[in-house]
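# Structural characterization, general
Each chain, letter by letter, is given below.
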Amino acid sequence: MPVVEENGAGSDDPADAIRYRLDQQRILAEFGGIALRSRDIDEIVRVAVELAARGMRTRLAKFLHHDDQGGALIVRAGIGWNEGVVGQAEMGDDLASPAGFAFRTGEAVISNHLSDEKRFRTPDFMADHGVKRAINVLVEANGKRFGVLEVDSRKDGRFEEDDLAFMQGFANLIGVAIERLEAEASLRAAIEHQELLTREASHRVKNSLAMVSAMLNLQMREDDDPRVQRMLGDAQARIVAIGQAHDQLWQGDRVGVVALERLLCGIVDQLKEQAPDHAIDCDIAPLVVSGDTAIPLGLLLTELVTNAIKYAYGEGGGTVRIATRCDDGQLWLEVVDRGQGLPAGFDPTAARPTSLGMRMVGSLARQLGGTLSFENAAPGTQVTFVMPLPESV
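Computed from a prediction, not measured in an experiment: that's the story for all the values here.

## Here's the deal with helix α3 (residues 98–105)
What α3 keeps buried is the set Pro98, Ala99, Gly100, Ala102 and Phe103. Its buried side turned inward, α3 meets β1 (60–67), β2 (72–79), β3 (90–92), β4 (109–111), β5 (133–141) and β6 (144–153). Of the residues one or two after α3, Gly106 is the one with positive phi, at around 80°.

## Quick notes on the packing of aromatic side chains
Inspection of every chain in the model, using the stated rule, returns 5 aromatic pairs. Ring geometry for Trp81 versus Phe125: centroids 5.6 Å apart, planes at 65°, classification edge-to-face. Of this pair, Trp81 sits in the loop between β2 and β3 while Phe125 sits in helix α4 (residues 124–128), and the two are 44 residues apart along the sequence. With a relative accessible area of 12%, Phe125 lands in the buried category. Aromatic pair Phe166 and Phe170: ring centres 5.0 Å apart, planes at 75°, arrangement edge-to-face. With a gap of 4 residues between them, Phe166 and Phe170 both fall in helix α5 (residues 161–222), about one helical turn apart. Phe170 matches Phe166 in its accessibility class, with the two residues each being buried. Members of the aromatic cluster, joined through ring pairs, are Phe31, Phe166 and Phe170. The ring of Phe159 carries Arg133 above its face, with NZ or CZ at 4.4 Å from the centroid. One Lys or Arg, Arg325, reaches over the ring of Trp332 and ends 4.3 Å from the middle of that ring.

## Comments concerning the confidence of the model for the protein chain
Residues of the protein chain with pLDDT of at least 70 account for 90%, and the chain-wide mean is 85. Counting contacts from residues 1–7, a segment whose pLDDT is below 50, to residues more than four positions away or on other chains yields 17 contacts.

## Some points on the sheet that holds β1
Taken in spatial order, the 6 strands line up as β3-β2-β1-β6-β5-β4 in an open sheet, and their pairing is antiparallel. Only two strands of the sheet have a single partner each, and these edge strands are β3 and β4. Here the average twist between neighbouring strands, direction ignored, is 25°. Where β2 and β3 come together, 3 bridges link them in antiparallel fashion.

## A few points about the pairing of strand β11 (residues 330–337)
The buried fraction of β11 amounts to 6 of the 8 residues, a majority that puts the element mostly inside the structure. Where strand β10 (residues 319–327) lies against β11, 8 bridges are found, and the strand directions are antiparallel. Its bridge partner lying in β11, Cys326 is registered against Leu331. The loop that links β10 with its antiparallel partner β11 comprises 2 residues; one of these, Asp328, has a positive phi angle of about 55°. With 7 bridges joining them, β11 and strand β13 (residues 381–388) adopt antiparallel strand pairing. Residue pairing in the sheet places Trp332 in a bridge with Val386 of β13.

## Structural notes on the sheet that holds β10
On the basis of which strands lie adjacent, the open sheet formed by 5 strands has the order β8-β10-β11-β13-β12 and mixed pairing. Here the strands that pair on one side only, and so sit at the sheet edges, are β8 (279–283) and β12 (371–376). This sheet shows a mean twist of 15° between the axes of neighbouring strands, independent of strand direction. In the sheet, β12 pairs with β13 via 6 bridges, with the strands oriented antiparallel.

## Re unusual backbone geometry
Of the consecutive residues Ala378 and Pro379, the connecting peptide bond is found in the cis state with omega at 0°. The backbone of Ala378 sits at a positive phi, close to 45°, despite the residue not being glycine. If you trace the backbone, Ala378 turns up in the loop between β12 and β13.

## Description of the nonpolar core
Counting residues in each nonpolar core, the largest one holds 39 residues, and the members touching the most others are Leu260, Leu297, Leu300, Leu301, Val305, Ile322 and Phe385. Among the elements of the structure, α6 (226–251), α7 (260–274), α8 (291–311), β10, β11, α9 (356–367) and β13 are those that each provide at least two residues to this core. Looking at this core, the element that brings in the most residues is α8, giving 9 residues. Among residues more than four places away in sequence, those in contact with Leu300 are Leu333, Val361, Leu364, Leu368, Leu372 and Phe385. Counting residues in hydrophobic clusters, the runner-up holds 36 residues, among them Val45, Met56, Ala141 and Phe146.

## As for α7
With 15 residues, α7 extends 22 Å between its outermost C-alpha atoms, agreeing within 8% with the 21 Å of an ideal straight helix rising 1.5 Å per residue. By the burial criterion, the buried members of α7 are Leu260, Leu263, Leu264, Cys265, Gly266, Ile267, Val268 and Leu271.

Criteria and thresholds
Residues numbered from 1 in each chain as written. Predicted model: local features only at pLDDT ≥ 70, side-chain atom pairs only at ≥ 80, totals over all residues. Heavy atoms only, no water. Buried < 20%, exposed > 50% of the residue type's maximum accessible area, 1.4 Å probe, protein only. Helix = DSSP H or I, 4+ residues; strand = E, 2+ residues; numbered from the N terminus. Contact = heavy atoms within 4.5 Å. Phe/Tyr/Trp six-rings, centres within 6.5 Å; stacked < 30°, edge-to-face > 60°. Lys NZ or Arg CZ within 6 Å of the ring centre and 35° of its normal. pLDDT = per-residue confidence, 0-100. Pairing = 2+ DSSP bridges. Axes fitted to C-alpha atoms, helices over the stretch in contact; angles between N-to-C directions. Core = buried A, V, L, I, M, F, W, Y, C linked by side-chain atoms within 4.5 Å. Expected span 1.5 Å × (residues − 1).

So this is what it looks like as structure tokens:
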């Protein structure tokens, strides 16, 4: 809608004066929505000057941003000005200009006869455009003076006190928008700092766990007792699983979340190195989970696959298949071997299983809020873990 300079508040037509004020209310409401949605301060001030000019029925308006270092008011956005004004023209921030006075004192300024003004000088670029009257309001945010919103006119007439209320509404909304953007920027900076700390912490945990794993590996080489070697190997596998989860927590774009496929298949790759005679297949459905889910789920997989490697095939090797799927609001994890099946008298529901690994499996399943089932797969064993599908993260 083009801006047309016509009769405004000073019109002798009462109906037109009412339309003028109602138009201003609608325009101010329109700008309020933009100021509260936009995340670009340049867009906000650009729209502000366009709508303020429309509401004041003039072709000239500008936003003057204060340069704290240079001590000047610079035209940051404007409408109706010749090329070279917006982004370049400036005026002093002293009391000698209407905009400078508004900025320094915080008082709104109406000057309906700039050519006769004794209080202020008219900046050269405004005089070159034939500006006869101006209205200025201060824009401030978080207690800091940010700049001045100004509407100008080449026409004779009067800006009135009610026009100040309209302009002040714009200034207040710009100030609120600036405060919102600054708060969002501070929040983003705090989040980024927290993410940096989390990445660093996870990285340090991963390195520390890798050191512990290496020490356990050295200890296994020093001890000839098969039982001790087996226990140390189990402990090492658990530490590697936790280390894998922490490694994934800080490597991605989003801190604190893990791609389940990368985590579980990474754990499987580590287990393959310890059991080269076994063919371990990993088929994991795409899913992103939180660290609180990833670590116990990685440990659970480690225990189940380790059990299959140790007990399914005796001294020989064989196949182990790991698969997950998401179905009907649940996450399914299956570990299947084609070995000798469950031992006679095996009772996974026993109050206190004799195996530490089985006790850990039961505890991890409860921690994840899921259920475990063991069954013979003719041949072999199938272990199925089902838990509620984690919420999207």
